[in-house]
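Secondary and tertiary structure notes
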Amino acid sequence: MDRLLYLECYSGISGDMVVAALLDLGADKEVLMKALHSLSIQGFSVNISTVKKSGLNVCDFNVSLTDNAENHDHDMEYLYGTYEEEPHHSHKHRNLAEILQIIKTAEMTVEAKKIACKTFEILAESEAQAHGLPVEEVHFHEVGAVDSIVDIISAAVCLDNLDLPQVVISDLYEGRGFVRCQHGVIPVPVPAVANIAASNNLSLHIMKAEGEYVTPTGAALAAAFKTRDKLPDDFSIEKVGMGAGKRKTSLPGILRAMIVTAESNDDMICKLECNIDDCSGETLGYTMERLFAAGAKDVHYLPVYMKKNRPAYQLVVICSKSDVSEIEEVIFRETTTIGIRQTEMKMTVMHSQLVQIDTPFGDVNVKMCDYYGMYRRFYPEYSDVVEICRKHNQSYDKTYRMIQKLCEDTFKPFPC
């Protein structure tokens, strides 16, 4: 069954919140600290602790700058206060190539480096779009500061350490109003967040609350992590982790992360069907082959009459819910249909397993099916029966029934 990570961003998302939530889920702190100690940057220290948020114990990941560098990311007076003039900033500006080199030389896995690099590339593209510059000319300000680099690398290391390649991201709940940055006062969502959401299929939900709840770093991590659009219909929660935000806002600033396991839904199937009146027989035959290769459980064609009494075929495909997208892609690619009807239904099946039976002509594969201990049936594999018939010049029907009889004698029937 699938295990996946779910990030619930109903109180926004930021880099430190992501790292804290993943640590609370069980990411190895020693692995993280080893990676951070290997970075070719200095002037920071990290503290991992537990804080109270709305009466809850929440993990806090805090990056402190030690080189007299200003960090306005959590300074509410700077972000939302009124200044006569812009305060002095001592952030070191870095371009994308410099940051990618820092990641490249760090002691972290290849996969963690890929995640970190992807996150910064997403950020660079959003900033380039906002400022009308080529990506290589973008110089990061707040995002390129030491604390943001540490947040992104830490998030990448923790995600890789948890070994959860499938990630679902909820809607990103964002506030409204205005916030100050190095470029001046800008609207919320800030341009970088809006660009990231637009380019990476992230859904934003604008709340009535004032303030910035989704930071560019948080949005970029969500975009880099995300592999699925939604949670499975049925799942169980294996573990919950919570990460604390630093800003003092009307909402508590908690990012909840969950490891969830998709529940098996083997008794649910989908029926896909469409009417086709302008495809050749060869096309339909090839389509059937491609549908089975894509995971279809059954495929058949029914002769029908369509508008103006035109003879046509109705294509019917039975498949699992997880294969619907790939099956539909095959139908649209290989046939002339412009629409597919989908029906979800429950399926009752006999328990089946493949067994081998010893016959006078050699071993034969047989599908053995049971129904709640009341019935047992045997279905010799067609290709194995045909091979025996050709090799020993036997009748197909006689050979088939002979194998069934051997199965009945070998595997005792259920008691009535």
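Further up the page is the structure itself.
We now turn to the structure provided with this report. Small disclaimer: the values here were computed from a predicted structure and weren't measured.

What counts, and where the lines are drawn
Residues numbered from 1 in each chain as written. Predicted model: local features only at pLDDT ≥ 70, side-chain atom pairs only at ≥ 80, totals over all residues. Heavy atoms only, no water. Salt bridge = Lys/Arg side-chain N within 4 Å of Asp/Glu carboxyl O. Helix = DSSP H or I, 4+ residues; strand = E, 2+ residues; numbered from the N terminus. Buried < 20%, exposed > 50% of the residue type's maximum accessible area, 1.4 Å probe, protein only. Contact = heavy atoms within 4.5 Å. Pairing = 2+ DSSP bridges. Expected span 1.5 Å × (residues − 1). Arc of directions from axis to C-beta. Axes fitted to C-alpha atoms, helices over the stretch in contact; angles between N-to-C directions. Phe/Tyr/Trp six-rings, centres within 6.5 Å; stacked < 30°, edge-to-face > 60°. Disulfide = S-S within 2.5 Å.

1. Re the pattern of salt bridges
- Inspection of every chain in the model, using the stated rule, returns 15 salt bridges.
- Residues D397 and R401 are paired through a salt bridge, measuring 2.9 Å at the closest nitrogen-oxygen approach. You can see D397 and its partner R401 sitting in helix 12 (residues 396-410), four residues apart, about one turn around the helix.
- According to the relative accessible area criterion, R401 is partly exposed, its value standing at 49%.
- It is possible to trace a salt-bridge network through shared partners that takes in D16, D60 and K246.

2. Describing the environment of Y396
- You can see Y396 is positioned in helix 12.
- Note: C-alpha distance between Y396 and Y382 (14 residues apart in sequence) is 9.5 Å.
- Apart from residues no more than four positions distant in its own chain, Y396 is found in contact with Y382, V385, V386 and C389.

3. Focus: unusual backbone geometry
- The linkage connecting V188 with the following residue, P189, adopts the cis geometry, with an omega of 0 degrees.
- Within the element layout of this structure, P189 appears in the loop between strand 8 (184-188) and helix 7 (191-199).
- In this structure, D163 takes a positive phi of about 55 degrees despite not being glycine.
- Relative to the helices and strands, D163 is located in the loop between helix 6 (146-162) and strand 6 (167-169).
- Here D163 falls in the exposed class, since its relative accessible area comes to 58%.
- The phi torsion at K308 lies on the positive side, around 60 degrees, for a residue other than glycine.
- Here K308 is to be found in the loop between strand 13 (298-305) and strand 14 (311-319).

4. A few points about the pairing of strand 12 (residues 268-276)
- Most of strand 12 sits inside the fold, with seven of its nine residues counted as buried.
- In terms of strand pairing, strand 12 meets strand 15 (residues 341-346) through six bridges, oriented antiparallel. Across the sheet, C270 pairs through a bridge with E344, a residue of strand 15.
- Both strand 12 and strand 14 contribute to a ladder of seven bridges, which runs antiparallel. Within strand 14, the residue paired with C270 across the bridge is C319.

5. Focus on helix 9 (residues 281-293)
- End to end, helix 9 covers 19 Å across 13 residues, agreeing with the expected 18 Å (1.5 Å per residue, within 8%).
- Burial in helix 9 covers these residues: L284, T287 and L291. Buried residues along helix 9 cover an arc of 55 degrees about the axis, so they all sit on one side. Looking at helix 9, the residues exposed on the side facing more than 90 degrees away from the buried face are E282, E289 and A293.
- Structurally, helix 9 contributes buried residues whose contacts are with strand 12, strand 13, strand 14 and helix 10 (324-334).
- Remark: G295 follows helix 9 within two positions and exhibits a positive phi of approximately 110 degrees.

6. Here's the deal with helix 6
- For helix 6, built from 17 residues, the straight-helix expectation of 24 Å at 1.5 Å per residue is met to within 8% by its first-to-last C-alpha distance of 24 Å.
- Taken across its 17 residues, helix 6 has 15 buried, putting it largely inside the fold.
- D163 sits one or two positions beyond helix 6 and adopts a positive phi of about 55 degrees.

7. Digging into the sheet that holds strand 8
- Pairing is mixed in the open sheet, where three strands are placed in the order 8-7-9. Of all strands in the sheet, those bounded by a partner on one side alone are strand 8 and strand 9 (204-210). For this sheet, the mean angle separating the axes of adjacent strands, direction not counted, is 35 degrees.
- Sheet topology places strand 7 (residues 172-181) next to strand 9; four bridges connect them, and they run parallel. Its bridge partner being in strand 9, E174 is matched across the sheet by I206.

8. What to know about the packing of aromatic side chains
- Throughout the structure, instances matching the rule amount to five aromatic pairs.
- Where Y382 meets Y396, the ring centres are 5.8 Å apart and the plane angle is 50 degrees; that geometry is what we call tilted. Residue Y382 is located in helix 11 (residues 382-392), and its partner Y396 is located in helix 12; the two are separated by 14 residues in the primary sequence.
- Taking the relative accessible area as the measure of exposure, Y396 reaches 34% and is therefore partly exposed.
- Here the aromatic cluster, defined as three or more aromatic residues joined through ring pairs, consists of Y382, Y396 and Y400.

9. Re the state of the cysteines
- A full pass over the atoms with the stated rule returns zero disulfides.
- Summary of cysteine pairing: C59 is not part of a disulfide, and the nearest cysteine sulfur, belonging to C158, is at 9.1 Å.
- For C59, a relative accessible area of 8% translates into the label buried.

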